Amino acid sequence: MKYYRILLGLIFTSMVYDANADFSGWNGEDWSLHGRLRQGVSLLYDLEEEGGVTGPSNTTAELKFSYRPNSSWTFIANAWYRADLSASIGDDFDTGQGLQDPTSPGFNGRLPFRLNTTSCAGTLADPFCSDLDGIRRFDDIDEVLRELSIKYRDPKSRYTVKVGKFQRGWGQSDGLRLLDILNAQDLRERFAFRDSDELRIPAWMASVDFNFNRLGIAAPFEALGMKRPTLEFNITPESTHSQFVINNPTPSSLTAGGIYGLPFPELKDPVSGYGLVGIGANLTDKTPEDFGFEDAEYSMRFRFDALGGEVTVNAFYGMQDLPLVEFTGANVVAGSALNNEALATVVPLDLANATGAIHAPGGYLSWLRSVAAGSPIAFPLSNGGVAPLSAISAGALTNCIDPVFGGAERDIPCSVNANFNLDYEHRQKVLGFSFGRDMAEFEFGPKDVSPTLRLEMAYEFNKPFNRSVAADPFVPGATVSGSNALVIAPSLAYTESDVLSTMIGFDYALWIPGWDTQMKSIFTSFQFFNFHTFDADDGLLQQAPYGFDTVSKDAQFVTFLWNMPVMHESLVFEGLFIRDVDNHGTFYRQRVDFQFFGSNLRPRLEWITYSGNKGQNAPIGILDQSDSIEFSLTYQF
């Protein structure tokens with residue numbers, strides 16, 4: 001029996017154990033076993049020409065076992081099983097983000113790319129689709145094991161050592177990450193808009209915490225005003241990166257993440273304004289070694305009390321958890337006009353030949369721009385002409401015709417797949433600090449409540465970026481931009497810039513004047529973020545391959561969180577607002593928790609809406625069509 005079936009069986013057993021009374025799990029003198037079973041169902045209501053359709057249905061089953069034989073030792077084993085039932089949306093659900101349509105004016109239309117279909121033929125008549133009409137399970141052992149750790153606490157509380165697979169959170173900010181970077185994120189289910197503890201991907205690591213007071217070495221620090229100093233050191237030999245899915249319609253590299261899959265970019269030549277017709281993309285992860293010390297991550301946090309609050313100084317030396325895009329060459333697909341390598345003869349081109357075939361005078365971009373200037377679209381080889389994809393084959397195939405227009409009998413349809421690595425082998429180097437303080441001297445409101453001030457700053461050194469504008473590899477002094485800046489040698493496509501990220505936030509327990517029956521305060525939290533990229537003027541891509549927007553010199557976000565319990569905390573309203581100031585993107589999430597049914601049953605209604613430039617403006621605009629309403633029921637014990 002698989003482990004996820006065991007999880008489900010144990011949880012259902014607990015439900016049967018006492019269905020009519022609150023059940024708080026199994027607890028012994030030195031151990032406990034708790035868990036939850038969650039099932040959701042959602043409605044997508046913002047799809048173009050679709051109306052309301054059934055969306056993903058999330059299932060979560062989790063068990064957590066802890067054993068503490070004495071005050072020094074703690075053992076924790078935590079496993080969870082997750083799945084998303086991608087409901088049948090129908091054959092007309094089109095992301096609008098397929099390959100460039102060779103029959104459209106300027107090749108600027110997009111071929112259909114349908115997700116979650118009831119059938120997917122994969123033929124010439126139905127080439128671009130993904131049959132995700134089933135349960136997508138996150139059931140690899142690395143995904144199921146959420147924590148397996150042993151912690152030892154010195155009897156005199158001088159130090160604590162924790163070893164195993166677990167997660168740690170840093171920083172003061174909510175919603176957007178500055179210092180909370182020890183763990184990569186799982187973006188496959190609801191992108192980055194879930195609770196942070198469910199977003200983080202646990203990693204195998206070792207952590208040591210030192211209490212300077214207990215060790216007897218606090219005096220020099222306290223003399224400098226640093227009270228109660230502690231030091232945390234972490235080493236993570238397991239290399240992990242954030243998990244996401246790109247909705248890639250290229251048949252030889254087909255991936256689809258449903259409504260929360262990241263968009264396949266529009267491939268366009270900015271000079272001619274024409275789409276890069278006939279070109280797909282093969283995407284391959286390029287990652288550090290899975291486990292070892294050469295690519296290990298090291299982090300440290302020094303924490304102390306000062307200025308009436310808590311201060312942390314943080315340092316992180318790890319790996320980037322989001323990729324750069326690295327062009328490695330191309331495959332000429334001879335025999336398929338729709339990029340299907342399984343139905344064709346594949347002729348590989350190395351980096352130099354592929355770059356030349358695209359950028360060199362007389363190559364693919366030259367042909368595309370000549371068409372935009374009014375030249376005939378195709379010259380069948382039987383008439384002695386040159387077809388567009390004949391040039392990109394660099395002479396390997398001289399009888400290729402373009403994806404639309406035929407020629408003599410000896411001419412064959414062709415297409416080209418550019419080969420890209422998603423490169424995670426770059427270091428991330430960050431220094432930062434955080435500060436939190438109760439502003440007791442500024443009491444106000446009906447009950448004289450003081451706000452809490454939160455500050456956070458992170459300085460990243462030499463953050464790597466793909467260029468939005470790069471040097472033309474064949475014309476001295478000229479540049480290439482947009483999609484064209486990716487299909488060049490990595491040495492020209494990469495650059496680096498320091499990035500300074502700052503956050504200032506205020507929390508306040510709000511009491512409404514005149515609301516005499518208000519029993520609990522309304523928690524409110526306001527945050528302002530600024531991300532300053534020092535070399536943004538050099539032309540940097542926000543996040544290739546799914547975000548082709550350029551990086552702003554100063555990117556600003558505003559967030560507001562509120563939580564209001566009413567009816568003796570039996571009904572809890574919570575809202576989260578995020579505004580991308582520069583890209584005019586807006587996210588709002590409204591939750592309503594119903595707590596009328598004891599401590600075990602937790603119904604929840606959740607509404608999420610995104611507003612932005614469709615398919616652009618990461619991270620909000622790319623999910624513009626993902627608005628949803630979800631109802632979920634959680635049984636916890």
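The coordinates are above.
Cut-offs applied
Residues numbered from 1 in each chain as written. Predicted model: local features only at pLDDT ≥ 70, side-chain atom pairs only at ≥ 80, totals over all residues. Heavy atoms only, no water. Helix = DSSP H or I, 4+ residues; strand = E, 2+ residues; numbered from the N terminus. Contact = heavy atoms within 4.5 Å. Areas by Shrake-Rupley, 256 points an atom, 1.4 Å probe, with all protein chains shown as cover. Polar contact = N/O pair within 3.5 Å; in protein donor to acceptor, adjacent residues only side chain to side chain. Pairing = 2+ DSSP bridges. Salt bridge = Lys/Arg side-chain N within 4 Å of Asp/Glu carboxyl O. Buried < 20%, exposed > 50% of the residue type's maximum accessible area, 1.4 Å probe, protein only. Core = buried A, V, L, I, M, F, W, Y, C linked by side-chain atoms within 4.5 Å. Patch = residues over 30% accessible without salt bridge, like charges linked within 9 Å, V, L, I, M, F, W, Y side chains within 5 Å. Lys, Arg positive; Asp, Glu negative; His and termini not counted. Charge placed at Lys NZ, Arg CZ, Asp CG, Glu CD. Phe/Tyr/Trp six-rings, centres within 6.5 Å; stacked < 30°, edge-to-face > 60°. Lys NZ or Arg CZ within 6 Å of the ring centre and 35° of its normal. Arc of directions from axis to C-beta.

**Quick look at the overall build of the protein chain**
Thought 1: Scanning the protein chain for helices and strands turns up 9 helices and 32 strands.
Thought 2: Looking at the protein chain alone, contacts between residues at least 24 apart form 66% of all its contacts between residues at least 6 apart.
Thought 3: Total accessible area on the protein chain is roughly 27600 Å²; 57% of this is exposed by carbon and sulfur atoms.

**With respect to the side chain of Glu 574**
Thought 1: Checked against the element boundaries, Glu 574 lands in strand 29 (residues 571-580).
Thought 2: Within the structure, Glu 574 has its side chain in polar contact with the side chain of Asn 563 (distance 3.2 Å).
Thought 3: With near-sequence residues (within four places) excluded, Glu 574 lies in contact with Leu 561, Trp 562, Asn 563, Arg 589, Gln 590 and Arg 591.

**Thoughts on the pairing of strand 10 (residues 159-166)**
Thought 1: Bridge count for strand 9 (residues 145-153) against strand 10 is 6 bridges, and the pairing is antiparallel. Each residue of the ladder has a partner; that of Arg 153, found in strand 10, is Thr 160.
Thought 2: What sits between strand 9 and strand 10 in their antiparallel hairpin is a turn of 5 residues, with Ser 157 showing a positive phi close to 60°.
Thought 3: Summarising the sheet, strand 10 and strand 11 (residues 203-211) pair through 8 bridges and their orientation is antiparallel. Considered in strand 11, the bridge of Lys 165 is made with Trp 204.

**What to know about the pattern of salt bridges**
Thought 1: Tallied over the full model, the rule gives 34 salt bridges.
Thought 2: A salt bridge links Glu 198 to Arg 36, with the shortest nitrogen-to-oxygen separation between them at 2.9 Å. Residue Glu 198 is located in helix 3 (residues 196-199), and its partner Arg 36 is located in strand 2 (residues 31-47); the two are separated by 162 residues in the primary sequence. Each member of the pair Glu 198 and Arg 36 is classed as buried.

**Some words on the environment of Gln 100**
Thought 1: Its place among the elements puts Gln 100 in the loop between strand 5 (73-85) and strand 6 (114-115).
Thought 2: According to the relative accessible area criterion, Gln 100 is buried, its value standing at 4%.
Thought 3: For the pair Gln 100 and Pro 112, spaced 12 residues apart in sequence, the C-alpha to C-alpha distance is 9.5 Å.
Thought 4: If we skip the residues at most four places from it in the chain, Gln 100 touches Phe 107, Asn 108, Gly 109, Arg 110, Leu 111, Glu 266, Leu 267, Gly 275, Leu 276 and Val 277.
Thought 5: Among the polar contacts made by the side chain of Gln 100, one reaches the main-chain carbonyl oxygen of Phe 107 at a distance of 2.9 Å.

**A short note on the nonpolar core**
Thought 1: By size, the foremost hydrophobic cluster in this structure holds 72 residues, and its most contacted members are Phe 193, Tyr 364, Phe 420, Phe 587 and Tyr 610.
Thought 2: Top element by residues in this core is helix 7 (residues 364-372). It accounts for 5 residues.
Thought 3: Counting residues in hydrophobic clusters, the runner-up holds 10 residues, among them Ala 218, Phe 302, Ala 306 and Phe 435.

**Describing a nonpolar patch on the surface**
Thought 1: Taken together, the side chains of Val 41, Leu 43, Met 567, Phe 596, Phe 597, Leu 601, Leu 605, Trp 607, Ile 629, Phe 631 and Leu 633 present a nonpolar region at the surface, about 950 Å² in accessible area.
Thought 2: At the level of secondary structure, the elements contributing two or more residues to the nonpolar patch comprise strand 2, strand 31 (601-611) and strand 32 (628-636).

**Concerning a positive patch on the surface**
Thought 1: A surface patch of positive charge is lined by Arg 68, Lys 151, Arg 153 and Arg 214.
Thought 2: With respect to the helices and strands, the residue Arg 153 is situated in strand 9.
Thought 3: Classification of Arg 153 as partly exposed rests on a relative accessible area of 40%.

**Focus: unusual backbone geometry**
Thought 1: Even without a glycine there, the phi angle at His 568 is positive, about 55°.
Thought 2: Of note, His 568 is situated in the loop between strand 28 (554-566) and strand 29.
Thought 3: Take His 568: its relative accessible area is 62%, and that puts it in the exposed class.

**Some details on the environment of Glu 143**
Thought 1: With respect to the secondary-structure elements, Glu 143 resides in helix 2 (residues 141-144).
Thought 2: Polar contacts involving the side chain of Glu 143 include one to the main-chain amide nitrogen of Asp 139, which spans 3.3 Å.

**Observations concerning the packing of aromatic side chains**
Thought 1: Within the structure shown, the criterion is met by 25 aromatic pairs.
Thought 2: Note on Phe 327 and Phe 420: the rings are 5.6 Å apart at their centroids and 45° apart in plane angle, and the pair reads as tilted. Separated by 93 residues along the polypeptide, Phe 327 in strand 16 (residues 324-334) and Phe 420 in strand 19 (residues 412-423) bring together distant segments of the chain.
Thought 3: Judged by centre distance (6.2 Å) and plane angle (35°), the ring pair of Tyr 635 and Phe 637 falls under tilted.
Thought 4: Among the residues examined, Phe 637 registers a relative accessible area of 7% and is labelled buried.
Thought 5: Between the NZ or CZ atom of Arg 82 and the centre of the ring of Phe 138, over which it lies, the distance is 5.0 Å.

**Comments concerning helix 7**
Because each turn of an α-helix spans 3.6 residues, side chains separated by three or four positions end up pointing in the same direction.
Thought 1: What helix 7 keeps buried is the set Tyr 364, Leu 365, Trp 367, Leu 368 and Val 371. Each buried residue of helix 7 lies within a common arc of 160° when the element is viewed along its axis, so the set occupies one face.
Thought 2: Looking at the residues trailing helix 7, positive phi occurs at Gly 374, about 110°.

**Notes on the side chain of Asn 183**
Thought 1: Among the secondary structure elements, Asn 183 is positioned in the loop between strand 10 and helix 3.
Thought 2: For Asn 183, a relative accessible area of 1% gives the class buried.
Thought 3: Residue contacts for Asn 183: discarding those within four places in its chain leaves Phe 166, Gln 167, Arg 168, Arg 177, Arg 200, Ile 201, Pro 202 and Ala 203.

**A short note on the environment of Thr 495**
Thought 1: Relative to the assigned elements, Thr 495 resides in strand 24 (residues 494-510).
Thought 2: For Thr 495, a relative accessible area of 13% gives the class buried.
Thought 3: Between the C-alpha atom of Thr 495 and that of Leu 540, which follows or precedes it by 45 residues, the distance is 7.9 Å.
Thought 4: Look past the residues within four positions of Thr 495 in its chain and what remains in contact with it is Lys 463, Pro 464, Phe 465, Arg 467 and Leu 540.
Thought 5: Among the polar contacts made by the side chain of Thr 495, one reaches the side chain of Arg 467 at a distance of 3.4 Å.

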